[in-house]
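Remarks on the overall topology
In case you want the letters, here they are:
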Amino acid sequence: MKPPPFEYHAPTTIAEACALLAGLDDAKVLAGGQSLVPLLNFRLARPSHLVDINRVRGLDAIYERDGGVAVEALARQADVEDSEVVARVCPLLSAAMRLVAHRVIRNRGTLCGSLAHADPASELPAVLLALGGHVVARSTRGDRVISAEQLFRGVMETALAPEELLVEAWFPAVSGAFAITEESRRHGDFALAGAVRAAERLALFGVAPTPVLADPKDPGRGLQPSGDLEATPEFRVHLVRVLARRVFAA
Ligand SMILES: Cc1cc2nc3c(=O)[nH]c(=O)nc-3n(C[C@H](O)[C@H](O)[C@H](O)COP(=O)(O)OP(=O)(O)OC[C@H]3O[C@@H](n4cnc5c(N)ncnc54)[C@H](O)[C@@H]3O)c2cc1C
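Quantities reported herein were computed from a predicted structural model and do not represent experimental measurements. (Residues numbered from 1 in each chain as written. Predicted model: local features only at pLDDT ≥ 70, side-chain atom pairs only at ≥ 80, totals over all residues. Heavy atoms only, no water.)

1. Quick notes on the nonpolar core
As a rule of thumb, soluble globular proteins bury nonpolar side chains together. Filter applied, for reference: Here, nonpolar core means buried Ala, Val, Leu, Ile, Met, Phe, Trp, Tyr and Cys residues that are tied together by side-chain atoms lying within 4.5 Å of each other. Throughout this description, buried means an accessible area under 20% of the type-specific maximum (1.4 Å probe, protein chains only), exposed means over 50%, and partly exposed covers the range between. The helix count covers DSSP runs of H or I at least four residues long, the strand count covers runs of E at least two residues long, and both are numbered beginning at the N terminus. Whether two residues are in contact is decided by their heavy atoms: any pair within 4.5 Å suffices.
In terms of nonpolar packing, the biggest core is built from 58 residues, with Leu 93, Leu 111, Leu 115, Val 127, Phe 171 and Val 196 touching the most fellow members. Top element by residues in this core is helix α8 (residues 123–131). It accounts for seven residues. Sequence-distant contacts of Phe 171, defined by excluding residues within four places in its chain, comprise Gly 68, Val 69, Cys 90, Leu 93, Leu 111, Leu 115, Leu 124, Val 127, Leu 128 and Leu 131. Grouped together as the second largest cluster of nonpolar side chains are 16 residues, Ala 193, Ala 195, Val 237 and Val 240 included.

Set out below in structure tokens:
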């Protein structure tokens, strides 16, 4: 499949990228392209403009701040996976990264792109939620901090405004036990369901339109996951009960 026509923009600074997003009608940010390009090729997305941020300089740092680790928009998932800072400050994030797709996809895909894409079966939004992290969104109006609780709004829907660039995600260090586990048909596939533990907090993914916080003592309560060819709603609820038990036994 070929993508529908669009106008291509390649800014080299954050300010230029924000000015483009503010001025253009119906523009999308292109980061690693590992989710957006398939959507374009299947014509499930038809933006008029693509703002490719890959040439923006100084937007790929992974660094310690405020008792946690910050990951900028162009840090690749593989860089986060290999990062000594992430392994030391937030090893839950290192563990989660190894469950995302395959290494070739992680070589190009970005952590911030995964958060902005907000696939309900994605690991990283659930990790951000379990840890109580946040993202920083920049526009020509300035910076806005959006907590994980406020960021995820629905299936592939976030609180980011069309003119905002997600410049950084911040994950606090875990104080206490942590674990992530998921069930998928094949290694590297999106999960049928998954569970993340950060101390006594439990976040689930793949069982609601967004990642959700759940009661570790009754993780299936109130869940109404959708069914598909791979799993019925009942099976998904069963899975999260089993997976939640596993992360709390870890
Ligand atoms: C075969 C395959 C298997 C996969 N398996 C998994 C999996 O198991 N788990 C998982 O979580 N993901 C999986 N993915 C998705 C992959 O992790 C993507 O890399 C990720 O979802 C998006 O990151 P990206 O940098 O490629 O973003 P892009 O594809 O470039 O963009 C995705 C969306 O986010 C927006 N966006 C990106 N960056 C920003 C930003 N800085 N500011 C504002 N908006 C932004 C774009 O406009 C677009 O709407 C898989 C992908 C493939 C192809």
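2. A closer look at helix α10 (residues 233–249)
Threshold: Multiplying 1.5 Å by the helix residue count minus one yields the expected span of that helix.
Between its terminal C-alpha atoms α10 stretches 25 Å, which fits the 24 Å expected from 17 residues at 1.5 Å a residue. Along α10, the residues that are buried comprise Arg 236, Val 237, Leu 239, Val 240, Val 242, Leu 243, Ala 244 and Val 247. Those residues of α10 that are buried lie in contact with β11 (178–183), β12 (193–198) and β13 (201–205).

3. Details of unusual backbone geometry
With glycine set apart, most residues show a phi of negative sign, and most peptide bonds adopt trans. The phi dihedral of Ala 101 is positive, around 50 degrees, even though this residue is not glycine. Secondary-structure assignment places Ala 101 in the loop between α5 (91–97) and α6 (103–106). Phi is positive for Ala 199, close to 55 degrees, though the residue is something other than glycine. Along the chain, Ala 199 turns up in the loop between β12 and β13.

4. Quick word on the sheet that holds strand β2 (residues 27–30)
Going by this rule: What makes two strands pair is DSSP finding at least two bridges between them. To get an axis, a line is fitted to the C-alpha atoms, and for a helix only the part in contact is used. The angle between two axes follows their N-to-C directions and goes from 0 to 180 degrees.
Taken in spatial order, the three strands line up as β1-β3-β2 in an open sheet, and their pairing is parallel. Both edges of this open sheet fall to β1 (7–9) and β2, since each of them pairs with a single strand only. This sheet shows a mean twist of 25 degrees between the axes of neighbouring strands, independent of strand direction. Here β2 runs beside strand β3 (residues 49–52); their pairing, made up of four bridges, is parallel. Directly across from Lys 28, in β3, lies its bridge partner Leu 50. Along the sheet, helix α1 (residues 14–23) contacts β1, β2 and β3; its crossing angle with β3, the most-contacted strand, is approximately 165 degrees.

What is shown is where atoms sit, not what they do.
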